[in-house]
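What follows is each chain in one-letter form.
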Amino acid sequence: MLGYIVRRLLSAGLVVTLTSMIVFALFFLGPDNPAQPLCDINGKCTPERLALLTEQLGLNDTVYHQYWIWLQGLFVGREISFGPIYQCSAPCLGISYSTRNEVTAELLDKFPATLSLAIGGSLIYLLVGVFLGTMAARVRGTLADRGLVTMSLIVSSIPYYVLAILAWIYLSLEWQIFPDTTYHPLTDGIGAWAYGLLLPWLVLGLAQSTAYARYTRGQMVETLGEDYIRTATAKGVAKRKVIFQHALRAAIVPVITIFGLDFAFLLAGTVVTEEIFDIDGIGQWGIRALRAPVDFPVVAATVLIGAVIIVIANIIVDILYSFIDPRVRVS
Amino acid sequence: MTETQPHAASRIDWATAESILEVVNLKKYFPVKSSGVLRRTIAQVQAVDGVSFSVPRGGSLGLVGESGCGKSTTGRLITRLYEPTAGEIRFEGKDIAALSRKEMLPLRSEIQMIFQDPYSSLNPRHTVGTIVGTPLQVHKMVPEKKVLDRVRELLEVVGLNPEHYNRYPNEFSGGQRQRIGIARALALQPKLLVADEPVSALDVSIQAQVVNLLQDVQREFNIAFLFIAHDLAVVRHFCPEVAVMYLGKIVEVADRETLYSQPHHPYTQALLSAVPDVKQAAVGGRRDRIRLEGDVPSPVNPPSGCRFRTRCWKAQDICAKQEPPLLQIGPRHKVACHFAGQRGSTGNVPITLDVLGVNSHGDPVPGATRASNLEDPGYSPAFSDLETHKRRSEKLADR
Amino acid sequence: MTSERFLSTPAQSTSDRAADIAAADNFLVVDHLSVRFPTHDGLVQAVTDLSFSVKRGETLGIVGESGSGKSVSSMAVLGLHDAKSTRLEGSIRVGGQEVVGADESTLRKLRGKEVAMIFQDPLTALHPFYSVGRQIAEAYRIHHKVSKGEARKRAIEMLDRVGIPQAKNRVDDFPHQFSGGMRQRAMIAMSLVNDPKLLIADEPTTALDVTVQAQILDLLQDLQREFNSAIIMITHDLGVIAELADEVLVMYGGRAVETGATKQILTHPEMPYTWGLLSSVPEVSADEDARLIPIPGNPPSLLNPPSGCPFNPRCTHKDKVPGDLCVTTLPELLPARVGPSHRRRCHLPDPEVIYLTEVLPEIAPDLIDPTTGEPIAALQEIAAASEAEANADSRGDQR
């Protein structure tokens with residue numbers, strides 16, 4: 001098992017390194033001079049200023065050297081100068097062009113909001129989706145089953161942002177059911193935290209749960225046709241237990257794979273949800289950085305953190321797998 | 001009975017027949033990787049471990065054994081679906097074991113394979129005409145314009161309606177699909193057909209139709225068969241010569257009369273006694289069955305010496321120390337057992353001492369050497385006579 | 001075993017009282033059972049008007065090919081068909097308890113406790129994520145109020161009983177860690193954990209090798225003697241039937257076509273489909289070059305079953321029946337002239353003569369005395385015994 005994890009971590013490290021190289025290459029070898037947006041930020045950009053910034057940022061060095069410097073910053077920190085000299089401590093992801101803060105510090109500042117949103121929302125869609133899917137599979141072919149499938153198709157055919165805006169307009173603004181929808185850190189008290197996030201959680205969770213319901217239903221219908229389900233029934237196991245224990249355990253495995261990836265994408269920033277409910281998380285941060293003038297260090301950081309999260313989520317899913325399915329347990 | 005023709009293969013004189021296929025000491029080891037960081041190879045699955053046999057032109061050899069004995073792997077090695085680890089596969093005298101993909105290409109048409117599962121071995125998106133016709137086009141067997149005619153001809157040969165060439169596999173029943181598979185194999189006019197469990201997925205009433213078809217095809221086109229199956233009765237019906245495999249090795253090979261009525265290897269005896277027999281049970285109740293205990297050992301770490309010794313009631317010291325060679329004991333009978341003999345025989349002097357150059361405890365005798373011809377495929381006119389051996393060992397016992 | 005056991009029509013009410021008496025010790029009584037599945041293409045008539053019964057301590061073999069209705073009828077005994085998509089008619093009484101139309105909680109008390117089931121492929125029939133011991137313990141705890149520890153102890157005991165070596169160490173293994181034979185043993189352990197009075201084995205050895213099959217059949221017989229349970233053995237293999245079953249029920253196209261004592265059915269079959277089954281399967285002891293006589297054509301459609309006799313489109317003896325009776329009228333399941341309890345569904349006026357003079361010489365020339373042309377002694381004995389019985393019965397006209 002340990003060897004397996006080590007092997008997975010090594011390959012994960014490789015993936016992240018490659019991603020960082022690609023990101024680096026894309027931005028720093030792109031058609032524009034990366035110093036250009038920085039130069040544009042404070043009013044007039046003269047050619048002299050651009051040349052100075054280019055020199056200061058080390059953009060005249062070879063790409064390999066730049067990457068090496070960037071990598072060094074990640075592990076031991078470095079000094080960055082454009083105009084003033086900034087101390088960027090390890091792990092250094094650069095200095096934001098717009099706020100002049102350390103990117104790492106900003107990331108750590110935004111991350112809890114996104115994490116809170118992702119955990120709550122994903123729990124809702126996982127639980128609701130799996131439950132509905134299981135129930136639908138149990139009564140498959142009936143009116144209830146068809147109704148659920150139709151409902152879920154309708155919900156998923158409405159664009160998510162429409163759903164979110166409608167929820168915000170009516171539930172929050174108009175009817176004042178959730179008057180205060182924004183992120184409060186946990187340090188403000190768990191009540192405030194949960195209350196502020198309740199509507200985003202529900203909107204995110206219920207919208208996504210339809211896909212999970214359909215997927216779980218499909219898996220369950222397939223599993224319910226397996227021989228071992230017939231065996232369980234034939235030995236007298238109650239129907240409810242057959243479904244929620246014997247069948248669900250087998251059907252849940254592929255659902256978990258999807259869940260792991262979805263969760264990773266949530267963590268990498270749910271732009272729409274954060275924008276609409278005004279949650280200051282990774283998604284908003286990344287979108288802001290993309291607006292001209294582009295805040296290169298922040299964009300690079302969001303892509304990198306996204307890659308890291310997805311890779312980690314994959315590893316966790318694989319480890320979970322081996323706990324659920326003894327056949328993939330590695331000796 | 002009088003009007004039925006004897007099966008073509010049984011008319012062959014095996015002593016003089018020319019071999020189309022000779023397999024010598026063929027091996028296939030599959031690596032087992034460690035779960036560590038480096039994934040080193042930590043063991044080998046010895047799926048096929050030194051088998052030798054020959055198939056005469058137009059004849060059929062049956063390969064029987066239980067799951068995991070290596071019979072299907074052997075079939076796949078011969079059609080080169082797997083790369084052999086060692087050994088020779090001589091097809092018409094030419095060793096094809098080490099040929100590259102490109103060098104194999106012209107031979108592909110000569111060695112064809114029929115698979116067990118008629119459901120998964122046909123592409124569901126292709127019509128029967130495409131399935132049977134593609135090999136004709138690839139190997140340029142007939143001019144482009146004649147392909148369809150030839151496909152119809154082939155469908156007729158295997159007993160399908162030739163006008164059904166534009167139908168898809170799912171429109172046919174299991175037996176009919178197996179016929180399509182046979183038509184595809186016949187398209188290239190092969191000289192050797194490797195049939196891997198060709199009827200075991202079919203219903204019993206359909207099995208007979210397909211077995212009869214294979215016999216007709218063999219007679220008509222003079223095709224040699226390597227017939228791989230776990231069903232001892234079907235193999236006996238189809239093949240005049242039968243080899244029994246156990247854990248990657250051939251333990252006994254003989255003409256079917258000898259193998260089925262006087263098996264000399266304990267495993268063959270156990271295997272045959274385990275087959276439920278309708279007629280026997282119908283007229284005289286159950287036969288005296290040899291109960292084999294336990295399971296087949298792992299091919300990763302097979303027992304030393306004789307691989308069957310862990311389940312054998314005859315096993316002695318020598319069985320753990322010396323691997324019994326496949327020794328010819330009759331004009332068309334070879335067996336790999338130190339104590340080979342008919343059921344109930346009680347010889348306790350190993351018959352293999354002279355050829356191996358060891359004493360009865362399995363330890364080497366100084367100065368004695370191992371006979372050199374023990375891995376030859378086929379039969380030789382000279383063989384060890386068990387009767388002589390028996391008389392000699394009785395004399396020894398008297399002294 | 002009395003002839004009342006295979007009633008086919010309600011019209012034969014003269015024997016009702018005798019049937020009641022017989023039913024008293026019949027543990028399972030299936031009476032005019034029909035199982036049909038409505039589908040988009042129409043009504044699938046999987047089982048039609050099927051009646052049979054089994055006593056404790058007795059083994060009934062049900063033979064038939066895929067689609068004959070043998071598995072469908074046995075699943076109906078446990079009420080395993082989804083009530084919403086199945087139309088059940090007739091009656092199934094298990095130990096006096098009606099199963100057809102029973103509610104879920106009644107069925108649950110029967111399942112695993114009174115009637116247990118073993119399936120064909122133990123790899124797919126055992127839950128891959130739960131340990132073998134846990135699955136057995138679960139089966140025990142459903143019907144017994146015991147702690148987990150006690151149930152585990154019982155699981156070890158059962159694994160030991162079915163011959164799993166070192167049951168204590170293997171109890172926490174998962175199914176994939178067992179060999180095929182061991183998995184089927186574990187399956188048997190699970191089915192017998194509650195001492196069921198009826199065991200339904202659905203092709204329990206089809207996925208296994210012959211030597212393992214022999215072990216499993218032996219085990220089932222031992223256990224039957226020990227627990228005095230009734231066994232229904234569903235198989236397509238007449239050899240398995242010959243070894244294990246006291247009574248045979250041959251099914252074709254969802255109907256019983258022939259039934260009776262095993263020896264009688266295997267030596268004096270009177271239904272052309274049974275003849276076909278016997279002649280299309282090669283035997284390890286049969287004449288080698290005898291050509292197999294397949295049953296022509298394919299199994300019947302259950303959506304549009306043929307009119308008259310279900311076997312008539314494939315029957316080669318149709319011409320011996322006057323008129324087109326075979327195509328127009330479904331033959332009743334009537335008592336044969338010889339043999340106790342022997343019933344068959346066929347219009348042939350004298351099938352026993354046709355079998356001995358036409359079928360037997362073709363399928364088993366070795367059972368015919370070459371000098372006299374008569375069946376060999378063992379067969380004659382049976383024939384004589386059956387004739388004596390027939391004479392005793394001839395008071396009542398059977399046609």
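Residue numbering note: each chain is counted from 1, following its sequence as written. Working convention: letters from A go to chains and numbers from 1 go to ligands, in the order in which they are written. Local features in this predicted model are restricted to residues of pLDDT 70 or higher, and side-chain atom pairs are both shown and tallied only at a pLDDT of 80 or more, whereas totals for entire chains, interfaces and linings draw on every residue. Based on all heavy atoms of the structure, the side-chain values leave hydrogens and waters out of the count.

In the nomenclature of an unreviewed UniProt entry, chain A corresponds to ABC transporter, permease protein 1 (Cluster 5, nickel/peptides/opines) from the organism uncultured Nocardioidaceae bacterium. Looking at chain A in UniProt, the text filed under Subcellular location (unreviewed entry) is "Cell membrane". The record held by UniProt for chain A lists under Sequence similarities (unreviewed entry) the comment "Belongs to the binding-protein-dependent transport system permease family." UniProt positions are given in the numbering used here, feature names are shortened, and annotations may be inferred rather than shown by experiment.

This next bit is on the overall build of chain A. The secondary structure listing takes helices from DSSP runs of H or I that are at least 4 residues long and strands from runs of E that are at least 2 residues long, numbered from the N terminus. Helices and strands together make up the secondary structure of chain A, namely 13 helices and two strands. Only protein chains enter the calculation, and the probe is 1.4 Å; a residue is then buried if its accessible area is under 20% of its type maximum, exposed if over 50%, and partly exposed in between. By the burial criterion, 43% of the 331 residues in chain A qualify as buried. In this description, contact between two residues means that some pair of their heavy atoms is separated by no more than 4.5 Å. Pairs at least 24 residues apart make up 63% of the contacts formed inside chain A by residues separated by at least 6 positions. Carbon and sulfur atoms make up 69% of the accessible area of chain A, which totals about 16,300 Å². Each accessible area is a Shrake-Rupley estimate made with a 1.4 Å probe; only the visible protein chains count as cover when residues are assessed.

Turning our attention to the packing of aromatic side chains. Describing an aromatic ring pair means giving the distance of the ring centres and the angle of the ring planes. Pairing of aromatic rings covers Phe, Tyr and Trp, the last counted by its six-membered ring, and requires centre-to-centre distances within 6.5 Å; plane angles under 30 degrees mean stacked, over 60 mean edge-to-face, and any other angle means tilted. Within this structure, the stated rule accounts for 18 aromatic pairs over all chains. Seen from their ring centres, A:Phe131 and A:Phe244 are 6.4 Å apart, and the 20° between their planes marks the pair as stacked. A residue pair is termed long-range when its members are at least 10 positions apart, and A:Phe131 in helix H5 (residues 103-138) and A:Phe244 in helix H10 (residues 239-267) qualify at 113 residues. Relative accessible area serves as the criterion here: at 47%, A:Phe131 is assigned to the partly exposed category. An aromatic cluster is defined as three or more aromatic residues linked by ring pairs; in this entry it consists of A:Tyr125, A:Tyr212, A:Phe259 and A:Phe263. We call a charge positioned above a ring when the Lys NZ or Arg CZ atom is no farther than 6 Å from the ring centre and deviates by at most 35 degrees from the ring normal. Against the face of B:Tyr260 rests B:Arg236, its NZ or CZ located 5.5 Å from the ring centre.

A few words now on the pattern of salt bridges. Residue and element names in this part refer to chain B. Salt bridges are defined by distance alone: a side-chain nitrogen of Lys or Arg within 4 Å of a carboxyl oxygen of Asp or Glu. Tallying each qualifying case throughout the model produces 41 salt bridges over all chains. Residues Glu110 and Lys191 are paired through a salt bridge, measuring 3.3 Å at the closest nitrogen-oxygen approach. With Glu110 in the loop between helix H2 (101-108) and strand S6 (111-114) and Lys191 in the loop between helix H5 (174-186) and strand S7 (192-196), the pair connects residues that are 81 residues apart, well separated along the chain. With relative accessibility at 19%, the residue Glu110 sits in the buried group. Note that Arg152 and Glu163 form a salt bridge whose closest N and O atoms lie 4.0 Å from each other. Here the residue Arg152 occupies a position in helix H4 (residues 147-157), and Glu163 occupies one in the loop between H4 and H5, the gap between them amounting to 11 residues.

All right, on to the pairing of strand S4 (residues 86-91) of chain B then. The rule for pairing is simple: two strands pair if DSSP sees at least two bridges between them. Summarising the sheet, strand S1 (residues 19-33) of chain B and S4(B) pair through five bridges and their orientation is antiparallel. The residue of S4(B) that forms the bridge with B:Val23 is B:Ile89.

Residue and element names in this part refer to chain B. The eight strands lie next to each other as S6-S7-S8-S3-S9-S10-S12-S11, forming an open sheet whose pairing is mixed. Edge positions in the open sheet fall to S6 and strand S11 (327-330), since each of these has one partner strand only. Averaged over all pairs of adjacent strands, the angle between their axes in this sheet comes to 20°, without regard to strand direction. Between the N-to-C directions of two axes lies an angle of 0 to 180 degrees, each axis being a line fitted to C-alpha atoms and, for a helix, fitted only over the stretch in contact. Together, S6 and S7 form the strand contacts of H5, whose direction differs from that of S6 by roughly 175°.

At B:Glu92, a residue that is not glycine, the phi angle is positive and equals roughly 50°. Looking at where B:Glu92 falls in the secondary structure, it is placed in the loop between S4 and strand S5 (94-95). Residue class for B:Glu92 comes out partly exposed when judged on its relative accessible area of 34%. Look at C:Asp49: it is not a glycine, yet its phi comes out positive at around 50°. For C:Asp49, the position within the fold is in strand S2 (residues 42-55). We classify C:Asp49 as partly exposed; its relative accessible area is 23%.

What follows covers the UniProt feature "transmembrane region" (unreviewed entry) in chain A. Residues and elements named next belong to chain A. UniProt records the feature "transmembrane region" (unreviewed entry) at residues 9-29, 115-136, 148-170, 190-207, 247-268 and 298-324, using the numbering of this structure. The span residues 190-207 shows a helical share of 100% and a strand share of 0%, and its end C-alpha atoms are spaced 25 Å apart. Helix makes up 100% of residues 298-324 and strand 0%. Its end C-alpha atoms lie 38 Å apart.

Residue-level contacts link 26 residues of chain C with 21 residues of chain A. Counted as a polar contact is a pair of N or O atoms within 3.5 Å, where, for protein atoms, one must be capable of donating a hydrogen and the other of accepting one, and residues adjacent in sequence contribute only when both atoms are in side chains. At the boundary of chain C with chain A, the tally comes to 10 residue pairs in polar contact (both at pLDDT 80 or more). Those elements that place two or more of their residues in the side of chain C that touches chain A are strand S6 (115-118), helix H4 (122-125), helix H5 (132-143) and helix H8 (180-192) of chain C. Top contributing element to the side of chain C that touches chain A by residue count: H5(C), with six residues. Each residue gets one label: Ala, Val, Leu, Ile, Met, Phe, Trp, Tyr, Cys and Pro are nonpolar, Asp, Glu, Lys and Arg are charged, and the others, such as Gly, are polar. Taken together, the residues that form the side of chain C that touches chain A break down as 16 nonpolar, six polar and four charged.

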